[in-house]
Amino acid sequence: MQISFSSMWSLLCLVSIPPLAIAVKITDIQGPAFLSPLLGQTVHDVTGTVTAKSSTGFYIQGEPSSDIRESYGLFVFSDSSSVRNSVSTGDSISLSGVVSEFRPSSSDDQTFLLGTELESPTNIKILSTGNTVAPLLLGPSPRRSPPTQQFSALDLVGPDGWLSVPNNQSRVDTVNATVQPDEFGLDFWSSLEGVLVTVPSPTATDFENSFGEFWVYGDWPITGQNSRGGITLTFGPDGFPDGNPETVIIGSPLDGTDNPSISVGKKFKDITGVVQQQFGFFYVIPLTAPSVTSSPSTTAPPTTLTHSTDACVITIGDYNVREALAAFHFSIPQVADQIANFLKTPDLIFLQEIQDNSGPTDDGVVAADVTLQTLANAITAAGGSFAYNFTEVISVNDQDGGEIGGNIRPAYLFNKDKVTLVEGPPVGGPLDGNQPVIGADGKLTLTFNPGRIDPNNTVWDNARKPIAAAWQTTDGNRFFTINLHDTAKSGGEPSQGDPRPPINTDVTKRAGQVQVIATFAQALLALDPGASLIVAGDYNEFVQTRSVFAPFNNILFEVDEIANISIVERYTYVFDNENEQLDHIFVSKAVIERQGK
Ligand SMILES: *[C@@H]1O[C@H](CO)[C@@H](O)[C@H](O)[C@H]1NC(C)=O
Ligand SMILES: *[C@@H]1O[C@H](CO)[C@@H](O)[C@H](O)[C@H]1NC(C)=O
Ligand SMILES: *[C@@H]1O[C@H](CO)[C@@H](O)[C@H](O)[C@H]1NC(C)=O
Ligand SMILES: *[C@@H]1O[C@H](CO)[C@@H](O)[C@H](O)[C@H]1NC(C)=O
Ligand SMILES: *[C@@H]1O[C@H](CO)[C@@H](O)[C@H](O)[C@H]1NC(C)=O
């Protein structure tokens, strides 16, 4: 220690520059990689102009370098209001501070990316006041805009890119690669960390979250735009799922004003704000609340499929009623209105998240017939063209996940004038495992109708068990259905966080659940390769996570694909930056062959 100290000292003596006097540029602090080359060091004579102030610090900006990988903006953190109040926007200042990489210390937040900042600012000197800093106007080349496909080079470890399984194979901040802003979204925004930017003519891709924040893309190259103005999760031209890094989240305005209410496709005047890594995403935190320039309708159009009296035409709907529907729930009239007037009363509806008759009261009640009858009556009251019948399998109390006591489950509503349950097999109990069998009449049927599939399998622990049913039409045709609700992604980690590919919570559970369903489908089709089978519900997974759906390959086929629905219109859900699809309908070959007959 002694030796190395003295040799370092002699080196400093040789160059004879006191190290404390070296002025450090913001671009030197940010450097070309994710982490600062000066991490942990105290730096002096950092100069920049104050572009914005927040409740925890202020942003300064210096001269850009010729290397676009190096950001020229920086957040200066201070929990002292007197320090924050000592500077004003437009002040050109010099200061000292400690270079730090910050993320919140709560254990839940360990998946957030680190953000570079200057802490413990001292020696703040105001060099001049009243300066203006022109924001960097983002946009198409020759201006800069985010890449459109991938978040990070570290995601390209499997054919499913950022949706690859296994995920969580490396961490951006551990690898600390030099950034590639033209190729990867995280790299692009990292290269602008702390910079004042203008997002030109933004369009919203979602609805505001509970903090009033929302996602936009600017007037720059984008991919996956749907007819409502949102951005849909699709495959990119590179064959990987497209993560849509061309979108950015707009935070709460720095001046304390409130963001307007947001819906997909809403357009705004240019938004100017600072780029900040927080809560697992790169934000643009606007200086003030954005002004809305146009607001499209927030109502999706109803289906063009209409109810038919033709025995050969069966309409089918799939609806997760969410919010865990109970008989007395405020959302019953709204759900009923959507089934009657938007889904146009399908002959058979696959419902998910039906609560038992006592709703969330944890009293041992496990039947949901009152809930289902209440919903059926409400659909009639909302103008439905017939009265629905229903069928379900009762639960074992508190074994299926969801709200405690609610016992949410999949269930079917059906139009008995078009379809009825094949008679013979009894309704299964909660522990009965349904099996396909050839009945005494030589026809394919099930051992329970309806009945749960492999209910003791550990893949269904604390999850809703799928129910299989056998149906017949008024002209004697028979078909089979599986209604499922796989384990939720809830608690899912940010797509733009530190672990790569991003942690996809419980993806291995969902993969196991799809495998159990595929095994059942295979057994059914082995008895009758010509069987018509429809497997629908809330898979809680994107089809772009191909590894999860692989057990269906060559057995079951996705109806959007068969119906040739435009790829960008395939979404049932809006979450963060993505319009995406977690609910899917898959069918056997025989169903495809019925098309047009
Ligand atoms: C991150 O990488 C940059 C560029 O290679 C390097 O200068 C810096 O020291 C690294 N930081 C850390 C903390 O490893
Ligand atoms: C992700 O990987 C890290 C390091 O290998 C590990 O500590 C952590 O538990 C993993 N997280 C999840 C959710 O698998
Ligand atoms: C339909 O519901 C009615 C009224 O609850 C009941 O009487 C009838 O048996 C049901 N029919 C079928 C086919 O389930
Ligand atoms: C599930 O386990 C229960 C005992 O816990 C048993 O009675 C039942 O038969 C099992 N069901 C199946 C399908 O194996
Ligand atoms: C599918 O739709 C696209 C347009 O969205 C069209 O170009 C293509 O020909 C259609 N394919 C089939 C098989 O109908």
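Being a predicted model, the structure only gives us computed values, none of them experimental.

Focus: the packing of helix α6 (residues 332–341) against helix α7 (residues 369–381)
Reasoning step 1: Running from amino to carboxyl end, α6 crosses α7 at an angle of 55 degrees, the nearest separation of the two axes being 8 Å. The angle between the axes of α6 and α7 places the two elements in the oblique class. The chirality of how α6 crosses α7 is right-handed. Residues Ile332, Val335, Ala336, Ile339 and Ala340 of α6 form the contact with α7, whose own contacting residues are Thr374, Leu375, Ala378 and Ile379.
Reasoning step 2: Here the contact of α6 with α7 is built from residues that sort into eight nonpolar, one polar and no charged.

Some thoughts on the nonpolar core
Reasoning step 1: Counting 33 residues, the largest nonpolar core has Trp189, Phe214 and Val284 as the members making the most contacts within it.
Reasoning step 2: Every element with two or more residues in this core is listed here: α5 (185–190), β8 (196–199), β10 (214–217), β11 (248–250), β13 (271–278) and β14 (281–286).
Reasoning step 3: If near-sequence neighbours (up to four positions away) are discounted, Trp189 is found in contact with Leu138, Pro146, Pro245, Thr247, Val248, Val275, Phe282 and Val284.
Reasoning step 4: Counting residues in each nonpolar core, the second largest holds 31 residues, with Leu444, Leu446, Ile517 and Leu525 among its members.

A short note on the site of ligand 3
Reasoning step 1: Asn389, Phe414 and Lys416 make up every residue found near ligand 3.
Reasoning step 2: Within the side chain of Asn389, one N or O atom sits 2.3 Å away from an oxygen atom of ligand 3.

Points about the environment of Arg84
Reasoning step 1: For Arg84, the location among the structural elements is in helix α3 (residues 81–85).
Reasoning step 2: For the pair Arg84 and Phe58, spaced 26 residues apart in the sequence, the C-alpha separation amounts to 7.0 Å.

Calculation notes
- Residues numbered from 1 in each chain as written.
- Chains lettered and ligands numbered in written order.
- Predicted model: local features only at pLDDT ≥ 70, side-chain atom pairs only at ≥ 80, totals over all residues.
- Heavy atoms only, no water.
- Axes fitted to C-alpha atoms, helices over the stretch in contact; angles between N-to-C directions.
- Helix = DSSP H or I, 4+ residues; strand = E, 2+ residues; numbered from the N terminus.
- Parallel < 35°, antiparallel > 145°, perpendicular 65-115°, else oblique.
- Left-handed = near helix turned anticlockwise from the far one by under 90°.
- Contact = heavy atoms within 4.5 Å.
- Nonpolar A, V, L, I, M, F, W, Y, C, P; charged D, E, K, R; others polar.
- Core = buried A, V, L, I, M, F, W, Y, C linked by side-chain atoms within 4.5 Å.
- Buried < 20%, exposed > 50% of the residue type's maximum accessible area, 1.4 Å probe, protein only.
- Near = heavy atom within 4 Å.
- Polar contact = N/O pair within 3.5 Å; in protein donor to acceptor, adjacent residues only side chain to side chain.

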